[in-house]
Structures are given as C-alpha cells and as structure tokens.
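Okay, here's what each chain looks like letter by letter:
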Amino acid sequence: MPAGPSLRRGTPLALGILLGLFAAQLVGAQLPSAPLLCAAGAACLAFDLGLRFWKPGVLAVLGRVHCDETVRQLLRDLLLVMGLTHLSAVDTLARLLLVGGLLSCYGAHFVCRALGVLVRRARTLPVLTRNVDTSPLNLSPAPPRLLAYPGRRMLLFSVPATAGMIATVAAESVVWGLIGVCTSLLLFAGGTAYLATWLLPGKRPPGEEKVLRWFRAWLADYRPEVGLYFSGGSGTAYQANMWLSTLATLPQPLVVLRERPMTQQLADTDVPIVCIPRVAHLMELEHSTLKMLLHPANAPKTSQVLRIPTIKHAFTNHGESDKLSSCNPYAKVYDQVWVAGPAARLRYARADVGVDDRDVVEVGRPQLAPIRRADGPPPATGPVTVLYAPTWEGWTNDPGNTSVILAGENVVRALLADPRVRLLYRPHPMTGSVNPKAGAADARIRALIAEANERTAAAREAARDAAERPAPGPRRAQLRLPAGDPVAERGAVSVAGRHADADSGELARREAALDALTARAGRPWADEMERMAAQGTPRPGHTEAVEAATEAWRRAFWAAQDPSAHLVLTGARPDLYSCFNEADVLVSDVSSVVADHLASGKPYAVVNTAGLPEDEFRAANPTVRGATVLTPEADGVSALLDAVVDPGQDKLAEARAELTEYLLGPAEPPSLTRFQDAVRALCAAAEARRVRQASPPGAAEARAAEVVELAETAEAEAGGDQGDPADPSELPIARQAAPR
C-alpha cells in the first residue's frame, strides 16, 4: 500500500521554486540588496501560502523531511533579520525589539501547540457513538482547527510580522516592522488564550470514568441483543455497509467498531453505532444484554472481542466466492459460520480448515432483495448494457484474483469494438492498493473509455452536421445511415440532448435532497466529539425517507445518462445492485459479485486469468458453471453478446437457475426469514448459557430447560437438519465435481 505522500507531477518544480526563493533571500541579505531581499521574501511567503491550494502534497513532502511550516517561517525571519543588520536606519535597540517580538511570537506559538495537544487528548473520549443521544454528557463544540492543529497557524499568523519587516527593509523605517510584529504577537497570544478556555470547566470534556458510566447506563437502557462487530482500515467500510440494512431488521441492533475514523465512514443508518478502541473498555459489553455479534470480516482485533464469554459469534463474511479467502481457517474461532447456500458449506468441507459442518448455517443473502429479475433481452441492435466489475488484486497477487492486469484492457477493447455495447466500468475500490500494476491498468482502461466516448461524440456531431447541411436532391439520401443501424440510433440525439438537460436538473435536485438526508451533522472542522454530540438519535421515519430518496436518485441518475455513452462508476453511488438492475450482462472475475449477480437471472461472464484450461477452471470454481468463460485475450465476447440479445442462443440459462439455488440457497423461505431464524436460535443459545452460569446449581432448572427448549425450537425453524455433515453426493451441482 502507498505509505504517505510521494513525488508526483509538479512536486519537484514546486520544491525547486521554493528553494530558489530562499536562496534569493539569502543573496539579498548578504550583498546586501534591499530590492532583491524584499522581492524574494514577499514571493517566498506568497508561494508558501499558495502551495496550500495549488500543491498541498508538496507540504506533506516537506513535513516528511522535517521542514514544516515553522522551520520555513523561521528561515524566512532569520534571513530578513540578517538583512536588517545592514540597514543603518535600524539601530540596535530597534533590532532587539524586533527580534524579541519575533521570539515572543514563536514562544506563544509553541505554547498554543502544547495546549492543542492537551485539548485534543482531553477530547479523545474512550467511547465514540453515532445515532445515540449524548446530551447527558454535555459535550462542547470543537475549537477552531487553526488553533487546535499546527497545520496553518504559524504561517498565517506570521504574515503581518513578515510583511512589516519587508516594509522596514524597503522603507528603512522600523515602525512598519514593529507594527507587524506586534500584530502577529497579538494573534498568537490571543489565539493561545482562546484555546486555553477549552480546558476550563465550561468547555472541558467529561472524564473517562464519567463517559464509561454514561455508556454503561445507555447499554442498560437500550438493552441491545444483536450487534455487528467490525474492525478495518480506510476503504473497507463497504464490508460492513452491506449488512446494515439487514441488521436494522433485527431486535435492538447495535454496531460495534474499533477504529475511530470508521464511525463516520459507515453508510447512513439509524442503527446505534459505538466505537470502542481500547480492549479494556470493550469488556464493558460482557455486562450488557448483548447476546450475539455478526462478523462480516476477519480482523486482528476480532480475537479481542471473542474473549467475552457471554456473547455468541457468527461469521457472515462480506460476500462469497470460490477464492481461498472465502474459506479462511480463522472462521473456526466463531460459534457459527453463516453462509448463503450449499456451495459454501461444501467449500468449507473440502478445504478442511477445521470448521465443523455442524456449525455451518445456511441463511442465504438477505441483502440481495433490491436486485430485480431480468424482464427480457435488450433489442438486437442495442444498446446492450455491459457491466464490467472486476475485483481487486488481493493480498497474494495471484494472477487469478483480478482480470484488470492481464485481461482488462483486452476485454474493454473487445466490448467497445461492438457498436451494440454500452459499457459500465465499475472497478473495485481497492484496485491498485497492493499492486501498482493493477492501478496502472485501471488508469489505462479509463483512458480507453474516455477515448471511445470522444469518438462517439465526434461521430454524433458529424452525423448531425451532415443531416443539417443542405445538399442537392439525391445526394442527401446517400448520407443517411440505414434505418435501425445502431450508429444511426446513437446519432439521433438532438431531442435526447434536451431531455438530458432536463434529466440532469432532476438528478441535481434528487442528489441535493439525498445529501441533505444523509449529511453528517456537525461543522466541517468539527472533531469526533462535536460530531458525537451532533449525530444523536435519528428523527422518526429517517430510514424510510432515505430509502425513498435513494431510489428516486437512482432513477434520476440513470435517466440523466446519455444512452450511448460509456460510464466509469466509482464511489458509493450508484451502488452495485443498482448497476445490476441497469445492466443486461455482467463481466467479472471469480468473486462475490458473480454470486450476487445470479439473483438477477441475467447472463454473465467470468474472465479466466488463472492459467487453467476452461474445463478445470469451471470445475475449480462453482460460480463459473453458469458463466461464459472469457480468455485473457477476450475470446468469447461476441458469443456472450449474441446470447444476451437472443435467448435462443443462451445455453446456460438452466445452469444459472440451478447454480442460483446452489450458491444462494432456496427461494423459499425467503432469505431474510432464514437469517432472522438463525439469529433467534443463536440468541437463545447465548441466553441458555447465561442462565446456566448465573444460577446456583439446581436453583433455576426450570428456567434453563425452558430456554434450551426455545433454542432448539428456533434452531429447528432455521433448518435443524443443517447440522448433518455435508455430503457431496446430496448436492446436485457438486455431484459432478466431487473429488473421486
């Protein structure tokens, strides 16, 4: 992964300019040359200020080599003071006053910096929350970032002093320097005094013990039963986000996080969110009513919460695929492993990683409900909307992980070469985070799509000009494209363009409405404590309003797009399932995207970059058995598109239907019902254990028997026969691929 700022385009030039200006100041101070010193000093200060808006990455590079804003400002002041020593109009007393004032400015700056550290530490609470009423804590707003953080304060507050000394050098009058230095000193001293008020009782944050007492009281009042536990770095929030809507259907749900930034990175939800960074404070959950935790990902910090004996744990993963990561040996630490269908059960049995088959529970994929079934093929002449959604390179750099590096450009070229295709390219958000080759290939794919859009726009413009240009009788007919030709259809956009303008306005309105509903409360410079206070209990009906606004935004987004334009889709909107609904066919890799797409019933293709013959590739990856297999050279794209527009050529429709049940489980009972039944069963098991541990021997046998009976009933409702070991001969799709 990238580790901090790097030298990018323009950075060496900016560093060279800054160094040259300091050198010019030095020359002007030593000659001495007042004009050169003044010009170089003013330009250096202006350039340093401009870097914050033009090239902020340059400042990060300078910070890495310990040349931060304080060092740069000190160097500027030192060179100006050197220049002042050569001015006869500035006597020794005046120079001492100027230097003393500058030293006082630096002293006040460092005091303010120390206070900023104290204030930030005091405002770092042991527990962070979202969607929780924190009014009993009386949390204060954050101090201005200019005072609490040292990033800009030194440079901005020193502008009057630097400008005054430059004026003194130019006019040979010490008055300007004294005025500037006094002004800067007032700014530093006033800012320091103002920041100190955040340590007074009126603004002082509550202490650790007070916050923990409040947290215990909130847990006792809210009485959570089912939680989602997540720990991860930047870019991994999607793993938890996919389970939030399902979690919201459960009784007294709760999200438990471990990393502070993740509190704001999670998607909009009304479920209470608590972030507990320290293990000692995490143990507070042991004394709560929380009965079980869902785990969408394995993380190093997962082992810490597994120490709590009163809570049952179920691993749900964040999608299933045929990759090794979907049967990680770590899964055996959980009480149960919840999977979508028989395929995952068999995958664990074959992997032999220590997961007991009796602990595997099939619950389906309840979050796939928004995916719509296919309602018929697209027109034979197009457009055929193709979604290319490759996965990322993964941690192992196995060439079979992602098609982006070895096949991405070939696949995109083949798709763009077919005039029927409208391409939606949706790369994985972590593409290029481990292997730079994947990031470079992704950039080239985007360039190919941009070039294709430019060619389409140019052809459309030429066709429109040709249609509007007067021409003698019979020649005009020769300029027309044949009726029904896809290029001709794409060229007829004069009316569509006006509609697109109207649709774009509708999209802007819908986006503004959705942003207003999902905006994080708090000022832009708010710290985590201020956001915690601002993001209290959601308004009633907030979830329903967000769902309606999101659906309206999706409709407006797709209506606003040019039907002949290829799109590169990144970010949270539109979501993957909305892309499934818009597309006619999927091209992807061996990943959970393929399994989820099966819910649509639409054709799909998988790119084989594993270096295996097609038969072995299909046998090794059950998700491929209903797919068209594409080679790294993109062989098979034409056949795929023909099968999409002509169902008679779709020889894999029956295989997809069979594979859907094998991977995702049966349609009845609904996945959400099976999921909720599994939750009730595991919660009942947790309650039974608590009764056994809390009651003296023989004192509450009746209650324990009742709870055990409840657990058995709930488990039976969730599918009691799932405890039988997986037999490959009983799984219809697995039969042909079972090891001999």
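Below or above, wherever it landed, is the structure these notes cover.

Thresholds, definitions, all that
Residues numbered from 1 in each chain as written. Predicted model: local features only at pLDDT ≥ 70, side-chain atom pairs only at ≥ 80, totals over all residues. Heavy atoms only, no water. 1 Å grid on protein atoms, 1.4 Å probe; cavity = no way out; pocket = protein on both sides within 12 Å on 5 of 7 lines; lining within 4 Å. Points joined across faces, edges and corners; volume = space filled by probe spheres on them. Helix = DSSP H or I, 4+ residues; strand = E, 2+ residues; numbered from the N terminus. Pairing = 2+ DSSP bridges. Axes fitted to C-alpha atoms, helices over the stretch in contact; angles between N-to-C directions. Expected span 1.5 Å × (residues − 1). Buried < 20%, exposed > 50% of the residue type's maximum accessible area, 1.4 Å probe, protein only. Contact = heavy atoms within 4.5 Å. Patch = residues over 30% accessible without salt bridge, like charges linked within 9 Å, V, L, I, M, F, W, Y side chains within 5 Å. Areas by Shrake-Rupley, 256 points an atom, 1.4 Å probe, with all protein chains shown as cover. Salt bridge = Lys/Arg side-chain N within 4 Å of Asp/Glu carboxyl O. Phe/Tyr/Trp six-rings, centres within 6.5 Å; stacked < 30°, edge-to-face > 60°. Lys NZ or Arg CZ within 6 Å of the ring centre and 35° of its normal.

### Points about empty space enclosed by the protein
Turning to step 1, where the next piece is worked out: Summed over all chains, the structure comprises 4 cavities of 30 Å³ or more.
Turning to step 2, where the next piece is worked out: Within this model, the largest cavity holds a volume of roughly 50 Å³.
Turning to step 3, where the next piece is worked out: As for the largest cavity, its lining consists of 10 residues, and the residues nearest its centre are Glu320, Ala340, Ala595, Leu663 and Leu664.
Turning to step 4, where the next piece is worked out: Looking at the lining of the largest cavity, the elements with two or more residues in it are helix H24 (592-597) and helix H27 (653-664).

### Some details on the sheet that holds strand E8 (residues 360-362)
Turning to step 1, where the next piece is worked out: One open sheet holds the 8 strands; their spatial order is E1-E4-E3-E2-E5-E6-E7-E8, and the pairing between them is mixed. Strands at the two margins of the open sheet, each flanked by one partner only, are strand E1 (128-130) and E8. Each neighbouring strand pair of the sheet contributes to a mean axis angle of 25 degrees, computed without reference to strand direction.
Turning to step 2, where the next piece is worked out: As paired elements, strand E3 (residues 253-257) and strand E4 (residues 273-275) share 3 bridges and run parallel to each other. Paired with Val255 across the strands is Ile273, a residue of E4.

### Focus on helix H16 (residues 404-417)
Turning to step 1, where the next piece is worked out: The end-to-end C-alpha separation of H16 is 18 Å, in line with the 20 Å expected for 14 residues at 1.5 Å each.
Turning to step 2, where the next piece is worked out: Listing the buried residues of H16 in full gives Val404, Ala407, Gly408, Glu409, Val411, Val412, Leu415 and Leu416.
Turning to step 3, where the next piece is worked out: Residues of H16 that are buried sit in contact with strand E9 (384-389), strand E10 (421-425), helix H17 (436-468), strand E12 (585-588), strand E13 (604-607) and helix H26 (637-645).

### Side note on a nonpolar patch on the surface
Turning to step 1, where the next piece is worked out: Residues Val27, Leu31 and Leu36 make up a contiguous nonpolar surface patch of about 250 Å² in total accessible area.
Turning to step 2, where the next piece is worked out: Within the fold, Leu36 resides in helix H2 (residues 34-54).

### A word on helix H5 (residues 92-122)
Turning to step 1, where the next piece is worked out: Its 31 residues place the ends of H5 45 Å apart at the C-alpha level, agreeing with the 45 Å of an ideal helix rising 1.5 Å per residue.
Turning to step 2, where the next piece is worked out: Among the residues making up H5, those that are buried are Ala94, Leu98, Gly101, Leu102, Cys105, Tyr106, Ala108, His109, Cys112, Leu115, Gly116 and Val119.
Turning to step 3, where the next piece is worked out: Close packing links the buried residues of H5 with helix H4 (69-84), helix H6 (145-148), helix H7 (153-157), helix H8 (159-171) and helix H9 (174-196).

### Observations regarding unusual backbone geometry
Turning to step 1, where the next piece is worked out: Following Leu31, the chain continues to Pro32 via a peptide bond in cis, the omega torsion being -10 degrees.
Turning to step 2, where the next piece is worked out: For Pro32, the position within the fold is in the loop between helix H1 (11-30) and H2.
Turning to step 3, where the next piece is worked out: The step from Glu668 to Pro669 runs through a cis peptide bond, and the omega angle for that step is -10 degrees.
Turning to step 4, where the next piece is worked out: Locating Pro669 in the fold gives a position in the loop between H27 and helix H28 (671-694).
Turning to step 5, where the next piece is worked out: One non-glycine residue, Asp352, adopts positive backbone phi at about 55 degrees.
Turning to step 6, where the next piece is worked out: Relative to the assigned elements, Asp352 resides in the loop between helix H15 (342-351) and E8.

### Observations regarding the packing of aromatic side chains
Turning to step 1, where the next piece is worked out: Scanning the model with the defined rule gives 13 aromatic pairs in all.
Turning to step 2, where the next piece is worked out: Consider the rings of Trp553 and Phe557, whose centres lie 5.0 Å apart with planes at 20 degrees: the pair is stacked. Of this pair, Trp553 and Phe557 both sit in helix H22 (residues 542-560), 4 residues apart, which is roughly one turn of that helix.
Turning to step 3, where the next piece is worked out: The ring of Tyr149 has Arg120 sitting right over it, with the charged end atom 4.8 Å from the ring centre.
Turning to step 4, where the next piece is worked out: The lysine or arginine in question, Lys203, covers the ring of Trp198, its NZ or CZ lying 3.6 Å from the ring centre.

### With respect to the sheet that holds E9
Within a beta sheet, neighbouring strands are joined by backbone hydrogen bonds and run either parallel or antiparallel to one another.
Turning to step 1, where the next piece is worked out: Strand order in this open sheet of 6 strands is E11-E10-E9-E12-E13-E14, and the pairing throughout is parallel. In this open sheet, the two strands that pair with only one neighbour each are strand E11 (567-568) and strand E14 (628-630).
Turning to step 2, where the next piece is worked out: Two elements, E9 and E12, share 4 bridges in a ladder whose sense is parallel. Following the sheet pairing, Leu387 is matched in E12 by Leu586.
Turning to step 3, where the next piece is worked out: The sheet strands contacting H16 are E9, E10, E12 and E13, and the helix crosses E10 at an angle near 150 degrees.

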